[in-house]
Amino acid sequence: MNTADLTIRAYDEATDLQELSTIWFEASLLAHDFLGEPRLRQQRQLIETHYLPNAETWVACHEGRPIGFISLLDHFIGGLFVSPRHQGAGAGRRLVAHALGLKGELELEVYTRNRQAMSFYDRLGFKEISRRAEDDEGLPFENACLRLAT
C-alpha cells in the first residue's frame, strides 16, 4: 500500500460503525491479548454504543475502504486502531498527523504491555508524562499517559 493512496475522512456512523468495530476488535485481539477475548467482546459493545458515536472520529481509507481510525475527545486520543492487514504501512502515522494538525497537541493512555504501540508512539515523539498501575476498570494493567505537541 502506498500512503499516497490513503485518504482520511470524517466518520459516518451509517456506513462505518460495523467496519470500524471489526477493525478495533481484530487489532485489539493482537495488541491487547493479555485482556482476554471475553473482555474484548464486552468492550466491543461499548465501542459501538458509546465510544464511536460520542467521539470525533477520523477514518483512514485505502481504495475507498476503511483500514483504520483515530477517535478524539478534544485533544485526547481515545483510540487509534489500524487493521492488522495494514499495520506498518503508514496509516497510523497519517492519522496521528491529521489529529495533531487539528488539535495542536495530543494526549493518550496506552497499556505498557502493548510494546508495539509504546514503540510506535515513541517513534512519533510522544513523551511519557505519567503512569498508573491499574486500567479504567481497576484491573492490574499498567497504563502510560503520553503527550505530543507541535
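The structure displayed is predicted, hence computed values, not measured ones.

### Comments concerning the packing of aromatic side chains
Reasoning step 1: Counted according to the given criterion, the structure contains 8 aromatic pairs.
Reasoning step 2: Plain terms: the ring middles of Phe34 and Tyr111 are 5.3 Å apart, the flat faces sit at 80° to each other, and that makes the pair edge-to-face. Residue Phe34 is found in the loop between helix 1 (13–31) and helix 2 (37–54), and its partner Tyr111 is found in strand 5 (residues 105–111); the two are separated by 77 residues along the sequence. With respect to burial, Phe34 and Tyr111 carry one shared label: buried.
Reasoning step 3: Taken together, the ring pairs connect Trp24, Phe25, Phe69 and Phe81 into an aromatic cluster.

### Quick word on the environment of Asp33
Reasoning step 1: Topologically, Asp33 is positioned in the loop between helix 1 and helix 2.
Reasoning step 2: Considered as a pair, Asp33 and Ala99 are 66 residues apart in the sequence and their alpha carbons are 27 Å apart.

### What to know about the nonpolar core
The nonpolar side chains of a soluble globular protein tend to be buried, and buried together.
Reasoning step 1: Judged by nonpolar contacts, the single largest core of 26 residues is most densely connected at Ile70, Val96, Tyr121 and Phe126.
Reasoning step 2: Those elements giving two or more residues to this core turn out to be strand 2 (56–62), strand 3 (65–73), strand 4 (76–82), helix 3 (91–103), strand 5, helix 4 (115–123) and strand 7 (143–149).
Reasoning step 3: The element best represented in this core is helix 3, accounting for 5 residues.
Reasoning step 4: In contact with Ile70, not counting residues within four places along its chain, are Glu56, Thr57, Trp58, Ile77, Gly79, Leu80, Leu95, Val96 and Ala99.
Reasoning step 5: Counting residues in each nonpolar core, the second largest holds 18 residues, with Phe34, Ile47, Leu52 and Phe69 among its members.

### Quick notes on the pattern of salt bridges
Reasoning step 1: One pass over the structure, following the stated rule, counts 13 salt bridges.
Reasoning step 2: Two residues, Glu48 and Arg44, come together in a salt bridge whose shortest N-O distance is 3.5 Å. Of the two residues, Glu48 and Arg44 both sit in helix 2, 4 residues apart, roughly one turn of that helix.
Reasoning step 3: We classify Glu48 as buried; its relative accessible area is 15%.
Reasoning step 4: Judged by its relative accessible area of 17%, Arg44 falls in the buried class.
Reasoning step 5: Across the pair Lys103 and Glu56 runs a salt bridge whose closest N-O atoms are separated by 2.8 Å. Residue Lys103 is found in helix 3, and its partner Glu56 is found in strand 2; the two are separated by 47 residues along the sequence.
Reasoning step 6: Relative accessible area serves as the criterion here: at 28%, Lys103 is assigned to the partly exposed category.
Reasoning step 7: The class of Glu56 is partly exposed, set by a relative accessible area of 29%.

About the thresholds
Residues numbered from 1 in each chain as written. Predicted model: local features only at pLDDT ≥ 70, side-chain atom pairs only at ≥ 80, totals over all residues. Heavy atoms only, no water. Phe/Tyr/Trp six-rings, centres within 6.5 Å; stacked < 30°, edge-to-face > 60°. Helix = DSSP H or I, 4+ residues; strand = E, 2+ residues; numbered from the N terminus. Buried < 20%, exposed > 50% of the residue type's maximum accessible area, 1.4 Å probe, protein only. Core = buried A, V, L, I, M, F, W, Y, C linked by side-chain atoms within 4.5 Å. Contact = heavy atoms within 4.5 Å. Salt bridge = Lys/Arg side-chain N within 4 Å of Asp/Glu carboxyl O.

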